[in-house]
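If you want the building blocks of each chain, they are given just below.
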Amino acid sequence: MTTALRSVLALALVFVVSGCASSAPPPPPRVQPSSAAITDVRRVVVVTTGESKFTVMQGATKESDRVLDEVLKWVPYKNILVPIARAVYGIVSSFLEGERAAGTMPRDVTPGTVVTDAFARALQASGPFNQIVGMDREPVGDERRLADAIVRLTVPSWGLMRVREGEADVVASFADVRAQMVLRETGVIVWEHEEDVTHPGRLSLEAFKRDRGLTRQELVDVLERAGRRLASELIYARDGAR
Amino acid sequence: MRRPPAFVAGLLVLAGTAAGCATRTVDVGYPAAETKKALLGNMASRRVVVAPVTDRRGDKHRIGASPKDGKPIVTARPVPDIVRDALVLEVEKNGHQVVAAAPGDVVVAADVEEFWLDAVGRSPATQYVGRVAIAVSITDGHTGDRLWSRRYVGIRRQTAQPDSKHAWRDVMDVALARTIRDVATDPDLALSVARTQR
């Protein structure tokens with residue numbers, strides 16, 4: 001290949017890459033919490049929305065990665081076969097984790113409901129709101145008309161996650177949660193928060209597998225913790241408003 | 001043989017430098033700009049003594065180990081000072097007067113039980129888990145009666161590059177902030193402070 005042709009190809013590549021880069025839309029601006037707008041809110045309806053995915057995330061460990069690296073060292077045509085092997089390894093790991101999740105999830109726990117109840121209880125105990133009603137659907141009629149604001153809670157994912165690596169890996173229950181407060185009359189979002197919530201307790205995955213009751217308890221605990229944490233952040237966002 | 005003082009001093013400097021290189025330092029803190037009024041602000045102002053924070057961590061010399069090379073991660077300032085400063089900021093923001101020593105109306109005491117950063121997995125998606133656990137107690141400054149005590153735990157999970165100092169700091173900053181916000185919005189703690197006489 002001539003130098004001139006290489007230069008033309010390089011320039012074309014730069015053009016294509018820069019074109020792709022400039023066409024990407026900027027991320028939407030994040031909603032800033034407005035303590036002033038929250039101040040007048042007295043009656044709140046808390047609604048559970050969205051789907052929740054249960055996962056048991058073991059993920060790749062240093063040891064499993066090291067073994068895979070060792071094996072792949074001897075594979076011919078590395079440029080082609082190594083990425084394929086890694087992709088296959090990822091798919092198989094993901095499938096195994098899916099199987100493990102299906103056998104671990106407590107069927108009688110609805111994560112959004114547990115978070116909503118804990119959130120409502122924590123707000124009631126803290127006092128800044130006069131009325132907090134938890135619901136598993138959007139309010140209608142008087143329920144909606146009498147509310148100053150609607151808080152929508154989502155638990156996109158929950159389950160068990162490895163939180164410490166070592167000779168005996170330890171696992172904790174977790175819940176990723178999102179909350180959004182919308183003024184009923186105007187539809188304005190006055191508060192938004194998302195949080196990764198992790199149970200302070202840590203156990204081996206084997207302990208979770210052996211004892212279903214313990215697993216259920218740890219999962220319910222972390223969902224309640226998530227509800228309390230969200231309430232704590234909402235109270236804090238009010239910035240002292242009474 | 002007696003070694004000359006200059007030789008000993010040189011060794012000490014060398015050891016100090018080596019120790020400095022052997023650690024990774026992160027400047028963990030609690031941002032004053034993000035401090036807000038919470039439940040402690042719903043009462044008349046008190047004179048509050050924030051006692052020196054006791055360090056009850058198992059490993060007082062580090063807050064974790066770098067996942068890349070295993071070098072100890074340390075904070076730029078002593079951990080008890082970081083926690084105490086955060087408590088002082090919260091108390092002052094809520095309109096109370098922090099006094100240097102007794103007598104005060106209220107004594108806030110805290111122990112740090114954990115201040116730790118774990119790393120799970122490896123490049124390019126290392127998951128960091130930061131944990132801050134403190135025990136807080138409220139004592140009546142006039143009578144010496146202990147009114148309240150509770151443990152608070154703040155945890156933050158974040159995925160980042162294996163050697164990202166920014167991620168280390170961010171994870172610990174957020175874990176600390178969550179802990180302190182739980183303190184600031186605890187209705188039972190606020191009630192205990194409100195029960196003290198001015």
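So, how was this worked out
Residues numbered from 1 in each chain as written. Chains lettered and ligands numbered in written order. Predicted model: local features only at pLDDT ≥ 70, side-chain atom pairs only at ≥ 80, totals over all residues. Heavy atoms only, no water. pLDDT = per-residue confidence, 0-100. Helix = DSSP H or I, 4+ residues; strand = E, 2+ residues; numbered from the N terminus. Contact = heavy atoms within 4.5 Å. Buried area = accessible area lost by both parts, 1.4 Å probe. Salt bridge = Lys/Arg side-chain N within 4 Å of Asp/Glu carboxyl O. Nonpolar A, V, L, I, M, F, W, Y, C, P; charged D, E, K, R; others polar. 1 Å grid on protein atoms, 1.4 Å probe; cavity = no way out; pocket = protein on both sides within 12 Å on 5 of 7 lines; lining within 4 Å. Points joined across faces, edges and corners; volume = space filled by probe spheres on them.

Undergrad: Before we go on, may I ask you to explain the confidence of the model for chain B in this structure?
TA: Atomic detail in the predicted coordinates should be set aside for any region of low pLDDT. Residues and elements named next belong to chain B. Averaged over all residues, the pLDDT of chain B equals 89, while 88% of them reach at least 70. Predicted confidence in chain B is weakest over helix H1 (residues 5–21), with a mean pLDDT of 54, and strongest over strand E3 (residues 54–55), with 98. This model gives residues 16–20 a pLDDT under 50, and the stretch forms 0 contacts once residues within four places in sequence are excluded. For this predicted complex, the interface confidence score (ipTM) comes to 0.85, while the overall pTM stands at 0.80.

Undergrad: Looking at this model, I keep getting lost on the environment of glutamate 206 of chain A. Mind explaining?
TA: Position of glutamate 206 of chain A among the secondary structure elements: in helix H7 (residues 205–210). Between the C-alpha atoms of glutamate 206 of chain A and arginine 144 of chain A, which are 62 residues apart in sequence, the distance is 46 Å.

Undergrad: How should I be thinking about the interface of chain A and chain B in this particular structure?
TA: Frequently, the measure chosen for interface size is the accessible area that the parts lose on association. Across the boundary between the two partners, chain A contributes 31 residues, which contact 33 residues of chain B. Of the roughly 2700 Å² buried at the junction of chain A and chain B (both faces included), carbon and sulfur atoms supply 44%. For the pair chain A and chain B, the number of links is 8 salt bridges. The partner of aspartate 182 of chain B in a salt bridge is arginine 229 of chain A, and the shortest N-O contact between them spans 3.2 Å. Listed by contribution, the elements that provide at least two residues to the side of chain A that touches chain B are helix H3 (62–72), helix H5 (111–126), strand E4 (149–164), strand E5 (170–183), strand E6 (189–198) and helix H8 (212–237) of chain A. When residues of the side of chain A that touches chain B are assigned to their parent elements, the largest contribution, 7 residues, is made by H8 of chain A. For the side of chain A that touches chain B, the per-class residue count stands at 11 nonpolar, 5 polar and 15 charged.

Undergrad: Explain empty space enclosed by the protein here, please?
TA: One water molecule sets the probe size; rolling that probe over the atoms shows where empty space is left. All names here are of chain B. According to the stated counting rule, one finds 1 cavity of 30 Å³ or more in the structure shown. Sorting the residues of the lining of the largest cavity by element identifies helix H2 (79–93), strand E7 (106–120), strand E8 (126–140), helix H3 (165–184) and helix H4 (187–194) as the ones contributing at least two each. Of the residues contributing to the lining of the largest cavity, the split by class is 13 nonpolar, 1 polar and 1 charged.

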